[in-house]
Amino acid sequence: MSKHDHDCNCGFNEEVTVTLTLDNDEELECAVLTIYEVDGKEYIALLPLNEEGTEEDGDVYLYRYIETEDGEPTLENIEDDDEYEAAADAFDEWLDEQEFEEMIEE
């Protein structure tokens, strides 16, 4: 997984994706929407892609995002309800911010 964290108009427009392996061993390709921080922990928001590789409308998956000492990304389930609510609220705020920025650009 790689990321390009700025809006510099440099022409870099690669969509970052990850492949999740679900509990039933099904693999699901997802677009990385954002990586963000809440209370000192990082989280990642993933949007499933359909078979054509385009984004599906619907559920967004939230995971705790950790980079190992080697710089390898690791995703962990968010087991605590309060932690999940905080992560989901922060993601909703990020979405609202993106929509607001799109309105300003128009």
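To start, this report covers the structure provided alongside it. The residue count restarts for each chain, going from 1 along the sequence in the order it is written. Reporting in this predicted model follows two pLDDT cut-offs: at least 70 for local features of residues, and 80 or more for side-chain atom pairs to be given and counted; totals over whole chains, interfaces and linings ignore these cut-offs and use all residues. Note that water and hydrogens are dropped before the side-chain values are worked out from all heavy atoms of the structure.

1. A few points about the sheet that holds strand β1 (residues 17-21)
Across a sheet, strands are paired by hydrogen bonds formed along the backbone, either parallel or antiparallel in direction.
Piece 1. Whether two strands pair comes down to DSSP finding at least two bridges between them. Here a strand is any run of E in DSSP of at least two residues, a helix any run of H or I of at least four, and the numbering for each starts at the N terminus. Across the sheet, five strands lie side by side as β1-β2-β3-β4-β5; this open sheet has antiparallel pairing. If you trace the sheet from one side to the other, it starts and ends with β1 and β5 (73-76), each paired once. Strand-to-strand twist across the sheet, computed as the mean angle between neighbouring axes with direction ignored, equals 45°.
Piece 2. Relative to strand β3 (residues 41-48), strand β2 (residues 27-38) runs antiparallel, the two being bridged by eight bridges. When the bridges of β3 are listed, V32 appears paired with L46. Lines fitted to C-alpha atoms define the axes here, with helix axes fitted over just the stretch in contact, and angles between the N-to-C directions of these axes take values from 0 to 180 degrees.

2. Concerning the layout of surface pockets
Here the idea is plain: a probe the size of a water molecule rolls over the atoms and shows the empty space left.
Piece 1. In this model, the second largest pocket occupies a volume close to 180 Å³.
Piece 2. Cavities and pockets were defined on a 1 Å grid built over protein atoms only: a cavity is a set of grid points that admits a 1.4 Å probe from which the probe cannot escape, a pocket is an open set flanked by protein on both sides within 12 Å along at least five of seven lines, and lining residues are those with an atom within 4 Å of any such point. Every residue along the wall of the second largest pocket is listed here: L20, T21, L22, D23, Y63, L75, E76 and N77.
Piece 3. Where the lining of the second largest pocket is concerned, the elements lending two or more residues are β1 and β5.
Piece 4. The classification used treats Ala, Val, Leu, Ile, Met, Phe, Trp, Tyr, Cys and Pro as nonpolar, Asp, Glu, Lys and Arg as charged, and all other residues, Gly among them, as polar. Here the lining of the second largest pocket is composed, by residue class, of four nonpolar, two polar and two charged. Grid points are joined across faces, edges and corners, and a volume is the space filled by probe spheres set on the points.

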